[in-house]
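Fold and contact review
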Amino acid sequence: MRSVKKIICAVDLSDQSRKVAEYANMMAKLTGADLLVVYAAPTLTQYTGFHVPPNTIDNFVGEIVSGAERSMQDFVAENFNEIKATGKVVVGYAAEEILNMAEEEEADMIIMGTRGRKGLDRILFGSVAEKVVKNASCPVLTIRPCSD
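Residues numbered from 1 in each chain as written. Predicted model: local features only at pLDDT ≥ 70, side-chain atom pairs only at ≥ 80, totals over all residues. Heavy atoms only, no water.

All right, on to the environment of S17 then. Take S17: it is sitting in helix α1 (residues 16-31). Distance in space between the C-alpha atoms of S17 and M112 is 8.3 Å, their sequence separation being 95 residues. What S17 contacts, discounting residues up to four positions off in sequence, is V11, D12 and F75. Within the structure, S17 has its side chain in polar contact with the side chain of D12 (distance 3.0 Å). (Helix = DSSP H or I, 4+ residues; strand = E, 2+ residues; numbered from the N terminus. Contact = heavy atoms within 4.5 Å. Polar contact = N/O pair within 3.5 Å; in protein donor to acceptor, adjacent residues only side chain to side chain.)

Okay, here's the thing in C-alpha cells:
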C-alpha cells in the first residue's frame, strides 16, 4: 500500500461538511498527510442564453466565490486547527474540479460527502460522489449523511 501524503477533502460548506471534516481530520492525523479542503462554486454559464447578460452572471459568480472564500477560511479554522490544512475555492462542475485538483496536487486520497439523493432527484441531479469514485486515480472515501 502506498503512503498517504496529501488528502483532498471536498466539501460543499453545508452542515454535512462538518462530518466529512471529522473523517478528513482523523485520516490526516493518522497518516501525517497535508490536507487541501476544496469547494467548487457553480459557474452558472448554462444561463447565458436566457436573456441574462454574461457580465451579470460573472458578477454574481464573483460574489458567490468571495462569500465561499470567507466561509472556507472560517471552516478550515474551525475544523482543522490541529493539522496542516489549506482551503481553496474553485469554479466549475464539482466532480470535474475535484478530479482535476486531485490530479494537479498528486493527491493520495479524496474524502468527500454524499448527498444521499434517491430516485428522481438522483436521476435529475446525478451524483458528484459517484463520478469522482468512478474516475479518480486514487482511493476515495465517501461519507454518507447522518441523521444525528
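Another aspect to go through is the sheet that holds strand β4 (residues 109-113). In space, the 5 strands of this open sheet follow the order β3-β2-β1-β4-β5, with parallel pairing throughout. Whereas interior strands pair on both sides, the edge strands pair on one side only; in this sheet they are β3 (85-91) and β5 (140-143). Going from strand to strand, the sheet's axes swing by 20 degrees on average, the running direction of each strand aside. Here 4 bridges tie β4 to β5, and the two strands are oriented parallel to one another. Across the sheet, G113 pairs through a bridge with I143, a residue of β5. Sitting on the sheet, α1 touches β1 (6-10), β2 (34-41), β4 and β5, and the angle it makes with β4 is about 155 degrees. Contacting β4 and β5, helix α5 (residues 128-135) runs over the sheet at an angle of about 165 degrees to β4. (Pairing = 2+ DSSP bridges. Axes fitted to C-alpha atoms, helices over the stretch in contact; angles between N-to-C directions.)

Moving on to the nonpolar core. With 25 residues, the main nonpolar core has I7, C9, L35, V37, F80 and I111 as its most contacted residues. Excluding anything up to four places from it in sequence, V37 contacts C9, V11, M72, F75, V76, F80, T86, G87 and K88. Counting residues in hydrophobic clusters, the runner-up holds 18 residues, among them I8, L99, I110 and A129. (Core = buried A, V, L, I, M, F, W, Y, C linked by side-chain atoms within 4.5 Å. Buried < 20%, exposed > 50% of the residue type's maximum accessible area, 1.4 Å probe, protein only.)

Inspection of the secondary structure assignment puts C146 in the segment after β5. Classification of C146 as partly exposed rests on a relative accessible area of 46%. In this structure the C-alpha to C-alpha distance between C146 and K19, which are 127 residues apart in sequence, comes to 8.4 Å. Once residues lying within four places of it in the same chain are set aside, the contact partners of C146 are Q16 and K19.

Most of β1 is tucked away: 4 of the 5 residues are buried. For β1 and β2, the ladder comprises 5 bridges, and the chain directions are parallel. By the bridge assignment for β2, A10 is matched with V38. Remark: the β1/α1/β2 crossover connection has right-handed handedness. In this sheet, β4 lies alongside β1 in parallel orientation, the contact comprising 4 bridges. Bridge pairing links C9 to I111 in β4. (Right-handed = clockwise from strand over helix to strand, strands pointing away.)

Just distances and angles here, no functional claims.
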